[in-house]
Each structure stands twice: as C-alpha cells, then as structure tokens.
Amino acid sequence: MPEYPDELIRDLLRDGLSSEELEGLQRQDKDEDRFEQVLRLEQERLEWPERILLCLQAHLYVVEKDDGSKVVRCDCGQEFGDYQRNWKESALVFERAGADADAIYRGPRVADPDWSILREFYCPGCATQLDVEVVPRGYPFIFNVELDLGAVELRRQ
Amino acid sequence: MMMSLKDRLLERDRRMAELGRYEEKLELKERDPIRFELLYSKMVESVTSAHEVARRVSASPMSRELGEIIFGLYTPEGDAVALSRGLLIHVKTMSRMIKWMIENGYEDDPGFAEGDHYFNNDPYIGGAHCPDQMIVTPIWWEGELVGWAGGLTHTPETGGSEPGGFIPFARSRFDEGLFLPCVKVAENDKIKRDLEVLVERGIRSPIYWLTDNRAKITGSQIIREDVKGLIGQFGVDYFAKACREYIEDTRLAAEQRIRKVLPPGTYREVSWRGSMMPGDETLLHGPVAMTVTREGRLNFDYEGMSPAGRHPFQGTLPTIEGLVMNVVIQNLFYDLKHNEGVLLNIGLNVPKGSAGNPSSIFYPTALWGITYGAGLASGQAISRAYYAKGYREEVHATSALSSAYTAGGLDQYGRPFGAHNFEFAAAGLFATAVMDGLDTAGVEFNPEGEMGDAEIWEQMLPPVYLSREIHVDGGGYGKYRGGNGVMSLYLVSGTKDIDIGAFGAAPIYSAPGLMGGYPAGALYMWVGSRTNMHRLIAEGRPIPSGEGEDPAHPDFVEMVEARWELIPGANRSAQPAREGDLFTAMTGDGGGFGDPIERDPELILRDLENQVTTHWTARHVYCVAIDPETMEVDVAATEQLRRKQREERRSVGMPAQQYKARERETILRGDLAKPTARMFHAVLGSSEAFRRAFLEFWGLPESWEMTDPDRDDEEVE
C-alpha cells in the first residue's frame, strides 16, 4: 500500500492540490513508493498501452516498446527516439530573438541577442512547448537528463 | 604529547579517505539517543542565540534587518557542527578560513590563544567577496583547543574604488577595497584599537564594519561560553566525540536521502553571466553536470566554465563550495542536522583557472556572478532528478539574478558615506511544478533575506523612494509563472555630492525557466538626470509612482522631462548625480515552469486583479481572451487563441536537424556577435571536454579551430 492515497498523488500530478496538502507533502519524509505510484497513475491517464519506465519531464516519458526498445514519448504519442539520445534532436526548434522576442517581452526586458537568445523546443505532434533554452547563438543543445536507467530498474526490483 | 592542529587536519582527511566516513561508529547516538540529541539542540540554541543577540549589536541594516548574518560552531579541524539560520553559504566559507589558518601555521605564529578573534574577508581563503566578513575565535578547555565559534556578516561598504562594496567594473582585487586576510582583530576579547583606526580611515561608512565586528565578537563569545558550560555538563570526551558523530550522522542520512530521492544519472544545466568591461564584453559560461551515482554520491562537475579574467563576475573555490552546500541543504537536506556532513558525499570539480577557481588572487570577485549562476543551475539539476522520481512538489525553475544600486559621497547629514541598497534580497522566487513563484520572496544565497524598511534605507542613503512596487510581469511566463521582484524609483535628494552606480549583469535573460517555462527578462536600470522634478512638485503636478503597465514606455519617462538613459543589464559605474535626478533599481524575477498556454485562466484573472500582470500579456503570451470591462474569460475564444498558437508553433518551428544544419553554417562563417564569440573562443581553448562535445554536436572536423574574434583588432598598426 502506498503511503499516500492515490487521490492525493493524482491531484499532485494534475494540478489539483490545495496549498495545505502541498505543504503537507513537502513537510513529510519522502514516501518510498512514490516512484511506482506516479508511474501507475500516469499509466492510467495515458492512452497508449506500452509501459512507462520513467517520467522524464513535463509531457515526456521514457517508454518500453513491444520490441524492447526504450524511447522518449510525448503524452500525445509523438516519439523522440532512443532515451539515451537527446530528445531535442527530434523536436521542432524556434529561435526567439529580435521582433519575435519583442512579441512577448516588452521594452528593455528583451535580452540583447548578441548575448542571449531563446531556443524553444516544440513537440512535432501536439506543438506543446517542451523546453526553452537560454543560450547564445551557436550553443549545442543542452542534454538535460541522461539516465542510468539500468540502475533505476535495479532499484525497482 | 598533544597532536598539532595541522596533524589533526591531516588525520581527519586521511580518515575520511580511508573509511569514507567521518566517524567509524555512532556509539553515543546508539547508547543514548536522547542525550545525544539534547546536546545538539543545546548547540543549535547557542548559535541561534548568538545570531539574535549579534543582530541587535550591529548598526548595519544588513545584519539587523535583512538577515545577512550567520553563526556556526566548528570542530578543531574547522568542520561545521551546528549553525544558526541566516546567510547559509558562508558556513562553508568560514570553515575554509579556519582550515587555511591551520594549514598556514597560525597555530605557532601568531597563535590561537583564548580570547583571540581572527577576521577574514579574503574570498580566496573563505568568503565570496570583500563585503563578506567573518570572525572566528578558538574555544579552549583545560589546555586543549576543542572547537571554534564564528560569525559572518555582509557589510555594505568596503573602501573600494567605487562606493558600496560591489564594484561593477573592478579590474583587479585592488579595486574592491580593504582586505584583511586572517588578521587578529582582538586579543583577550578586546578589539585592537589600531585596527579600528585602519577601518575608520580606510572606508567610507566605517560604522557598519566596526559595529558588525562587535556583533560577531559578541556572538562568538556567547557560543564559546555556552560550549564551556556544555562541556562542564557532558564532559569533554563526550563533547568531542558527539561533534564528530553529528557530522557522520548527517553524512549517513544524506547518503540515504540521495539514494532514496534522486534516480542515478547525469543532469545538465547551463547558466550565463557576462563581463561588461568596455571593449572586452564577454559572455561567461557556467555549465554544471550533476551525476547521481548508484552508491548515493552526488558529483557536481563544472568542466567548461569560462576562464577567470580581469572582471568582477567570477568567484573562488570556497564560494562555489559554499553555494553547493547552500543548494543541497535547501533542496535535499533541509530537515537534517545542517553541518559539514551534507558535503561529505559530494564531489566537486571546478577546473583550476576557471571563473570558479581562478589561478591567481589578482582577479576580482566583487560580483561572483558565474559561480552564483552555476550554483543555481545545480539546484535546477536536482529539480530534474526529483521530477524523474515523482516528487513533483520539490521541482522548481531558477531563482532570480538580482541587482541593486550603490551610492557614495556626502549624505543628507553632511557625513562621508558609501553603501549599497540590499533590498535585492527580496527577489521573485522561481515557479515550481505545482504553483506560481512567490513575489518579492527572497534569493537563493540567503533563504531568509528580506528587503528591509524603505525608511531605514532612506536613513542610510540619501535617495528617497518615490515608489517601491511589485515588478509587473517580471517573473518568467509559464503554466506556473516565476515570482515577481521589486522595482523601485528613487529621487536624489538632500545632498549635493553623490555618485550613483549599480551592479547587475549583462543584458541576458536573467533566470531560466523549466520544462517549457520562459526565463525572467533581462535586468535594466533607468537614470533620468537634469529633471524637472522640482518644478513638478512646486506646481503640484502629478509625479510618477512607478513603471506603469508598459515597460517600453515607462510612466516616469512619460511624465518627467529629463535626459533619460537606459542601462541594459543594470551594471553601471558610479557617476555623479544631482538633486532632482531619478533612477530605478530592480531586484530580479524568478523563472517560469511549463508551457504558458497551459496556464489556468483563473490564475491570470487573479494576477490581473492583483495588478501583477496586464491584459497585453494575458492575450499575447497566455493566449487568453478576457474582457477588460467585465473581467470574464471567453472560453471558446481562449481555446481558439491557443489552437492558433499551436499552429503558429508548427509553422515557425524547424525540424531540429534542419535547424542544426543552418546553425552549423553560421558557426563556419564565424558569424557570431563578439560577446558570444569571445566566450566560445575562450572556452574551446580552455576545456578539451567542451571542445570535443562542441565539435561532435556540430559535426565539425577535429582540425576545426575557431578564429579569435579580436584578432583583427590586434592587426591595426
């Protein structure tokens, strides 16, 4: 039995926690079985049957397919390839600078593009904005999470 | 014969390396856990009481009001055992100071006698920059040194080439002010008069430095005398072993915590700052790769950090160590005993010669920018790991990069003065994965910093506040937005001799968002000189009360005739001002979390009602249709706007491989702006690992070399 009821963790995942419940979660010792519980609740919500191995970030999961391959997949179903490779390599990219930056940052709040631009990554499937990198032009994509999935699975057993 | 402290320190390091533990067995804890915890609680009580009393001894608002102060109790070898609340990063930097004195033979000369108090503000020994000033005193019991008590304050003035301690264009350490590296400032608990004269004549507003010294010495004496009382009660052997066990107890708990909450893997973030030195404007690179090992260790690798140079935006090794301690305590070990044990499962690689570990003490560290950035990025890496494990209540974007103004000259009472306004400790906090960032909440280097009363700042510094408001739309946009900082508008008043400067950053996005959230915007400062303010006031006409809704056309610029100057990045050398001049200062804002078009329209309505966002932002960024008259959300129109936004993304977004091919050409053409090109050139030349990763990512041949962006300049005859 998980330490917290499914309803509470479901609310955490789906933006329904009250601030009192949130504070309660933050103040308590971390629950040992959260990882499994979150995977189970996320699996329930998603419309595809393949097993989720890990929640990588907002909207993205590492999923095990029938052929045994482990890929990054968006909740819309769009795939981004092997989890050991940066998912950004399979995303849509938009460099936001100049007039495009003025469209959302006003006046002096726009950074000088000689120093800093925004690189937005969208899901090719659902066009969700998955990441916004703050980088100078010419900077390699940041590979944020490179998992030791073997070790994660080892701990699950 | 008693072991020297130097030998004890070596023995401590040997024991740690051999056992991988600070103390082999937790015998006292196991034998009687209540007694064990009782002594610890008495220690915490003592450092807390030192902190509270010291605040009331000092005349500096930094210490009194803002919480820029901390006290700690240390082992004889200089490892923290217990600490008060406050300026967390300096627990470790004080530890470095004690170790430095031991390693450098201070035990023999000048010696550690009862009642000696040693001062340090040299950041290459311990501390972050000249204003961080620590005083430690040895604790003796029957002829044996049994520990150290110490306190640190952040002082508002250091006697640098510009007023206020933060020197935004320092070219060397010698611009930053008066450094006293491990100097004995008191004997027999009596402050040395000659050293007070040195400070009285060496800096602009000596009262803060001098009363801070009294505060720290008072606090240290409280701890010292309490410890003697505790040793009398518990016995000296029990006390010494318990100190070691507290550290090992934390180390063990930290190891278990890492194994429990962070999945093994490598997590990478990158932070940026910039050196604004005229003619040599250079972006600074602050990457971090955090590896969680299967065994429960955390390694923070800063390989690829920009090299150190002649600018103040770098830090020292003690600074980055302190920042990491600060970050792991706040993010991971918040409920453990806060002491050296939190760092014992942590590995650090800060390359020698980098801006986080300069090879020469010649380089200034006044703004320690890129080390701070890299420290914050380390917290971000922890957030990503928390997310993967399902603990979303702990996930957050980046904390603010803040700025403030400095001033010096003659104050409203006709006295020489110099100081900085430290309301920048009330920046906007990061958004989290489950809620908006808190407005005007704090900064990461001091979890309990605050802004202070406007009246106190007006007493300390001649400019008066025309307004002090929440920075509208400051926090990074996102499903959950970053917290908004403070924007203040000041009027120069009451003095005919004043210089106004500011410390900030380069014109970069200041605090990155997370998982689709936007960063906070760039920092900036407005200065209006030769204004018509006196006439406006005399004629009873309206005067501005802030920036207003549109930062592109701020109210004060619209309402006041002046020579208006905008300083992107808010880094400004101190320059003369006159009565009636206006200027702004802003604390930073936090980064946002998640895709902004997923933001609940109800949250936007709430922000509109609180006047911390605008209808413009609601429509253009969040794609929400709200009727400004009725304040009702049009659900269908909102869905339509958001659908359109997704279509727009599909049309402007380029497949990554196509984007990479285009950008590769840009790099091959050398078509990069100078601040960026200088950064790449310096980092590619100093980090082989970064060079390899860069070549691989862009598919460039091994033989490829980047042209020196300043080469042409050198060829001018």
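Calculation notes
- Residues numbered from 1 in each chain as written.
- Chains lettered and ligands numbered in written order.
- Predicted model: local features only at pLDDT ≥ 70, side-chain atom pairs only at ≥ 80, totals over all residues.
- Heavy atoms only, no water.
- Contact = heavy atoms within 4.5 Å.
- Buried area = accessible area lost by both parts, 1.4 Å probe.
- Salt bridge = Lys/Arg side-chain N within 4 Å of Asp/Glu carboxyl O.
- Polar contact = N/O pair within 3.5 Å; in protein donor to acceptor, adjacent residues only side chain to side chain.
- Helix = DSSP H or I, 4+ residues; strand = E, 2+ residues; numbered from the N terminus.
- Buried < 20%, exposed > 50% of the residue type's maximum accessible area, 1.4 Å probe, protein only.
- Domains from an automatic or database assignment.
- Nonpolar A, V, L, I, M, F, W, Y, C, P; charged D, E, K, R; others polar.
- Disulfide = S-S within 2.5 Å.

## Considerations on the interface of chain B and chain A
Thought 1: If you look at the interface, chain B gives 97 residues, while chain A gives 79 residues.
Thought 2: For the pair chain B and chain A, the summed buried surface comes to about 7400 Å²; carbon and sulfur atoms form 56% of the total.
Thought 3: When the area that chain B buries against chain A is broken down by residue, the three leading residues are Glu393(B), Tyr509(B) and Tyr518(B), summing to 10%.
Thought 4: There are 12 salt bridges connecting chain B and chain A.
Thought 5: Connecting chain B to chain A are 48 residue pairs in polar contact (both at pLDDT 80 or more).

## With respect to the pattern of salt bridges
Residues and elements named next belong to chain B.
Thought 1: Scanning the model with the defined rule gives 87 salt bridges over all chains in all.
Thought 2: Between Glu23 and Arg244 there is a salt bridge, and its shortest N-O distance comes to 2.9 Å. Of this pair, Glu23 sits in the loop between α1 (5-19) and α2 (27-31) while Arg244 is found in helix α9 (residues 236-261), placing the two residues 221 residues apart along the sequence.
Thought 3: On the accessibility criterion, Glu23 (9% relative accessible area) is buried.
Thought 4: Residue Arg244 is classed as partly exposed on the basis of its relative accessible area of 23%.

## Digging into the domain arrangement of chain A
Residue and element names in this part refer to chain A.
Thought 1: For chain A, the domain assignment lists domain 1 (1-45) and domain 2 (46-156).
Thought 2: For domain 1 and domain 2, the distance between their C-alpha centres works out to 24 Å.
Thought 3: When the shortest N-O distance is used, the salt bridge between Asp75 and Arg45 registers 3.8 Å.
Thought 4: Summed over the shared surface of domain 1 and domain 2, the result is six residue pairs in polar contact (both at pLDDT 80 or more).
Thought 5: Here the residues of the side of domain 1 that touches domain 2 sort into three nonpolar, one polar and four charged.

## Concerning the state of the cysteines
Thought 1: All chains considered together, the criterion is met by zero disulfides over all chains.
Thought 2: Free of any disulfide, Cys126(A) has its nearest cysteine sulfur in Cys123(A), 3.7 Å distant.

## Overview of unusual backbone geometry
Residues and elements named next belong to chain B.
Thought 1: Following Asp109, the chain continues into Pro110 via a peptide bond in cis, with omega recorded as 10 degrees.
Thought 2: Relative to the assigned elements, Pro110 resides in helix α6 (residues 107-111).
Thought 3: Phi at Asp189 is positive, roughly 65 degrees, even though this residue is not glycine.
Thought 4: Mapping Asp189 onto the fold places it in the loop between β6 (183-187) and β7 (190-191).
Thought 5: Taking the relative accessible area as the measure of exposure, Asp189 reaches 25% and is therefore partly exposed.

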